Amino acid sequence: MKAFPGLKGKDLRKDLRADVAVIGGGPAGLAAAVAAKRAGAERVVVIERDVRLGGILPQCIHTGFGLKWFGEELTGPEYAARFVDEAASVGVEFMLETMVLEVTQERRVAAVSPRHGLIVLQCGAIILAMGCRERPRGALVLPGTRPAGIFTAGTAQRLVNIEGVLPGRQAVILGSGDVGLIMARRLTLEGVKVQAVVEIMTYPGGLARNVQQCLRDFDIPLYLGHTISRIHGRDRLEGVSVAPVDDARMPIASEEWFIPCDTLLFSVGLIPENELSAACGIEIDPATGGPVVTDEMETSVPGIFACGNVVHVHDLVDHVTEDGMVAGAAAAARARVEARTPVLGEVGKDAGLESLQVLCTTGEIRPGRNVRYVVPQRFVRHGDAPAAAAAAARTLTISLRPSEPAENVVLEVSIAGRVLRRQRKQKVRPGEMIQVNVDRLAIPSEKGDTLTVSIVER
Ligand SMILES: Cc1cc2nc3c(=O)[nH]c(=O)nc-3n(C[C@H](O)[C@H](O)[C@H](O)COP(=O)(O)OP(=O)(O)OC[C@H]3O[C@@H](n4cnc5c(N)ncnc54)[C@H](O)[C@@H]3O)c2cc1C
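This structure is a prediction, so every number in the text was calculated from the model and none was measured.

A. Quick look at the overall build of the protein chain. Helices and strands together make up the secondary structure of the protein chain, namely nine helices and 27 strands. A buried classification covers 53% of the 458 residues belonging to the protein chain. Contacts in the protein chain between residues at least 24 apart in sequence constitute 65% of all its contacts with a sequence separation of at least 6. Of the accessible surface of the protein chain, which amounts to about 20500 Å², a share of 50% is contributed by carbon and sulfur atoms.

Laid out in structure tokens, this is it:
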């Protein structure tokens, strides 16, 4: 085992154990912890590096959270608070200001905190819920100077909503992801003049509702098929040059114009936070940047599960919560198997989940025409497992994003050329995640084990 090589023989707190350890106390981790507890896991520990729980939600003070899960519109902090309260009430333990440094295939977690120093936890199951981070400005090659006044949209959101500091007076936003759109509205409400949102693609990166509610309702111009071609200013940003792009997405210099501004925000994408996962040897899907998972949210390493933005970037927190619930319940079941505790009254008396696993095989789900990625990438086939167990997981929900926008299309799920599910869609856009349900019992075993999801013309 390669883990903790430098720590061998040192006096660690080796007695630390958890049935389920959850890394990350955002909405995914909190939902997973609640579900693990509800599913019978005894000791569930959430490890969070920040001083507070809730992940990104405490800085998202706008409404728009929880429409699906709670049937009401909440702010980010309100949504987080409901899960923090519930997790506390079911007996989840929290370790705040604790940074996980390593996860091993033997289900050990190494973390550090100012209070406890170095900690090693042996776990029955681990849930990765580390969220994602913003693509930094350095990922882009932009000519010009490097003055003050340039932020990622999330940093600016934290400055305004948590620290109470305005980043500037006149802003331009590069990229039309949801964080940038929401910040365009937020800055406007705080009296900042948002000059423009500039998007290199010919379609917006964020949700249609955010384009309407955050830009159109405030008359903020959105330049699609444009980019920033130069940054101006020495000590402080003085403005940016903006130009349309050609087919190769290169700026057309002859059509460039200048927009004065003292603030530039980057909203150019989010990257799932998977250094821990990759170092543990977990298979990563290059299309999502997150672990390959089954529909039970189990990664390629048995006993290690993942949920939320660490798996793929979600538009809506409600879907993050749904993933977390699935991961939590499955992790609790796995932890019981690891603890060799017989689970009476479930899958075969005294047999525990191992008997179910023997009867299960895994199929694959692949992106087909005009589909950038699918999650999960694998699904569990319950084969001859008892009917109750099979029925419990009868619906297979597949999330996907299209590669290109399209109208009047049909979403098809097929196996070896036979279409299992067709769903009409008036519009599909890469900025909006789609979900499709398949009846698992309708998947014919004689047709192989690979489902393909495609978006085709009607
Ligand atoms: C600006 C913005 C606006 C949004 N607006 C909406 C909206 O209006 N409606 C909606 O439904 N959704 C919205 N979303 C989406 C939603 O907030 C996210 O999808 C959701 O927060 C993701 O949850 P998560 O738990 O996966 O990740 P996060 O919320 O990012 O939580 C991950 C947690 O893991 C912790 N962590 C990471 N690494 C470690 C480590 N090594 N050790 C310990 N802890 C670690 C982090 O500190 C963090 O607390 C918005 C998102 C953003 C960024």
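B. Geometry of the nonpolar core. Val20, Ile23, Val103, Leu121, Ile127 and Leu128 are the most contacted members of the largest nonpolar core, which totals 65 residues. Beyond its immediate stretch of four places on either side in the chain, Ile127 contacts Val20, Ala21, Val22, Ile23, Ala32, Phe305, Cys307, Ala327, Gly328 and Ala331. One finds Ile398, Ile415, Val428 and Ile434 within the second-largest nonpolar core, a separate group that totals 20 residues.

C. The arrangement of the site of the ligand in detail. Taken together, the neighbourhood of the ligand is formed by 36 residues, with Glu48, Ile56, Gly64, Asn309 and Val317 sitting nearest. Within the backbone of Gly64, a nitrogen or oxygen atom sits 2.8 Å from a nitrogen atom of the ligand. At 3.0 Å from a nitrogen atom of the ligand is found a main-chain nitrogen or oxygen belonging to Val100. Secondary structure elements with two or more residues in the shell around the ligand: α1 (27-38), β3 (63-65), β6 (99-103), α4 (178-189) and α7 (317-338).

D. Examining the sheet that holds strand β20 (residues 361-367) more closely. Spatially, β22-β20-β27-β24-β25 is the arrangement adopted by the five strands of the open sheet, whose pairing is mixed. Edge strands, defined here as strands with exactly one partner in the open sheet, are β22 (378-381) and β25 (418-428). Between one strand axis and the next, the sheet turns through 25 degrees on average, direction left out of account. In the sheet, β20 pairs with β22 via four bridges, with the strands oriented antiparallel. Bridge pairing in β22 places Gly363 opposite Phe379.

E. Layout of the sheet that holds strand β23 (residues 395-402). A sheet is described by the order of its strands in space; here three strands give the open sequence β21-β23-β26, paired in antiparallel fashion. Looking at which strands have only one partner, the edges of the open sheet turn out to be β21 (371-375) and β26 (434-439). Along the sheet, successive strands turn relative to each other by an average axial angle of 30 degrees, direction set aside. Across four bridges, β21 lies against β23 in antiparallel orientation. Along β23, the bridge assignment pairs Val371 with Pro402.

F. Inspection of the side chain of Asn309 at higher detail. With respect to the secondary-structure elements, Asn309 resides in the loop between β19 (304-306) and α7. Excluding residues within four positions of it along the chain, Asn309 makes contact with Gly131, Cys132, Pro272, His314 and Val320.

G. Here's a closer look at the packing of α1 against α7. Across the interface, α1 lies against α7 with an axial gap of 7 Å and an inter-helix angle of 35 degrees. Taken as a pair, α1 and α7 cross one another with a handedness that is right-handed. Packed against α1, whose contacting residues are Pro27, Ala28, Ala31, Ala32, Val34, Ala35, Ala36 and Arg38, the element α7 presents Val317, Val320, Thr321, Gly324, Met325, Gly328, Ala329 and Ala332 at the interface. Each residue belonging to the contact of α1 with α7 can be placed in one class, and the counts come to twelve nonpolar, three polar and one charged.

H. Seen up close, the packing of aromatic side chains. Here the structure, examined in full by the defined rule, presents four aromatic pairs. Note on Phe70 and Phe83: the rings are 5.7 Å apart at their centroids and 50 degrees apart in plane angle, and the pair reads as tilted. Taken as a pair, Phe70 in the loop between β3 and β4 (74-75) and Phe83 in helix α2 (residues 76-89) lie far apart in primary sequence, 13 residues in all. Assessed through its relative accessible area of 29%, Phe70 is described here as partly exposed. A residue is classified by how much of its surface remains accessible, and Phe83, at 2% relative accessible area, is buried. Plain terms: the ring middles of Tyr79 and Phe83 are 5.3 Å apart, the flat faces sit at 45 degrees to each other, and that makes the pair tilted. Of this pair, Tyr79 and Phe83 both sit in helix α2, four residues apart, which is roughly one turn of the helix. An aromatic cluster is built from Phe70, Tyr79 and Phe83, whose rings are joined through pairwise contacts. The ring of Phe70 carries the charged tip of Arg82 above its face, separated from the ring centre by 4.7 Å.

I. View of the pattern of salt bridges. Counting across every chain of the model gives 17 salt bridges. When the shortest N-O distance is used, the salt bridge between Glu273 and Arg49 registers 4.0 Å. Of this pair, Glu273 sits in the loop between β18 (270-272) and α6 (275-279) while Arg49 sits in the loop between β2 (44-47) and β3, and the two are 224 residues apart along the sequence. A relative accessible area of 15% places Glu273 in the buried class. Here Glu163 makes a salt bridge to Arg158, at a shortest N to O gap of 3.9 Å. The network of salt bridges with shared partners includes Arg49, Arg133, Glu273 and Glu275.

J. Up close: the confidence of the model for the protein chain. Per-residue pLDDT for the protein chain has a mean of 90; in total, 88% of the residues score no lower than 70. Taken together, the stretch residues 1-12 has pLDDT below 50 and engages in 16 contacts with residues farther than four places along the chain or on a different chain. Note that residues 341-358 has pLDDT below 50 and, in this model, 23 contacts with residues that lie over four places away or in other chains.

The rules behind these values
Residue numbers run consecutively from 1 along every chain, following the written order of its sequence. Only residues with pLDDT of at least 70 are given local features in this predicted model, and only at 80 or more are side-chain atom pairs given and counted; all residues enter the totals for whole chains, interfaces and linings. To get the side-chain values, all heavy atoms of the structure are used, and hydrogens and water are removed first. Counting from the N terminus, the helices are DSSP H or I runs at least four residues long and the strands are E runs at least two residues long. Between buried and exposed lies partly exposed: a residue is buried under 20% and exposed over 50% of the maximum accessible area for its type, with that area taken using a 1.4 Å probe on protein chains only. A contact between two residues is defined here by any heavy atoms of the two lying within 4.5 Å. Reported accessibility uses the Shrake-Rupley method at a 1.4 Å probe radius. Residues are deemed covered only where the shown protein chains occlude them. Nine residue types can take part in a nonpolar core, namely buried Ala, Val, Leu, Ile, Met, Phe, Trp, Tyr and Cys, and a core is a set of them joined through side-chain atoms within 4.5 Å. Residues are classed as near a molecule or strand on a simple rule: at least one heavy atom within 4 Å of it. Polar contacts, as counted here, are pairs of nitrogen or oxygen atoms within 3.5 Å of one another; within protein the pair requires one atom able to donate a hydrogen and one able to accept it, and residues that are adjacent in sequence qualify only if both atoms are side-chain atoms. Think of it this way: DSSP has to see at least two bridges between two strands before they count as a pair. The axes are straight lines fitted to the C-alpha atoms, using for helices just the contacting stretch, and the angles between their N-to-C directions are given from 0 to 180°. Two helices crossing with the near one rotated counterclockwise from the far one by less than a right angle form a left-handed crossing, whereas a clockwise rotation gives a right-handed crossing. Charged residues are taken to be Asp, Glu, Lys and Arg, nonpolar residues to be Ala, Val, Leu, Ile, Met, Phe, Trp, Tyr, Cys and Pro, and polar residues to be all remaining types, Gly included. Paired rings are identified among Phe, Tyr and Trp, the last through its six-membered ring, by centres lying within 6.5 Å, and are further divided according to the angle between planes into stacked (under 30 degrees), edge-to-face (over 60) and tilted (the rest). The rule is short: NZ of Lys or CZ of Arg within 6 Å of the ring centre and within 35 degrees of the ring normal puts a charge over the ring. Whenever a carboxyl oxygen of Asp or Glu lies within 4 Å of a side-chain nitrogen of Lys or Arg, that contact is scored as a salt bridge. Every residue carries a pLDDT, the predictor's confidence in it, which falls somewhere between 0 and 100.

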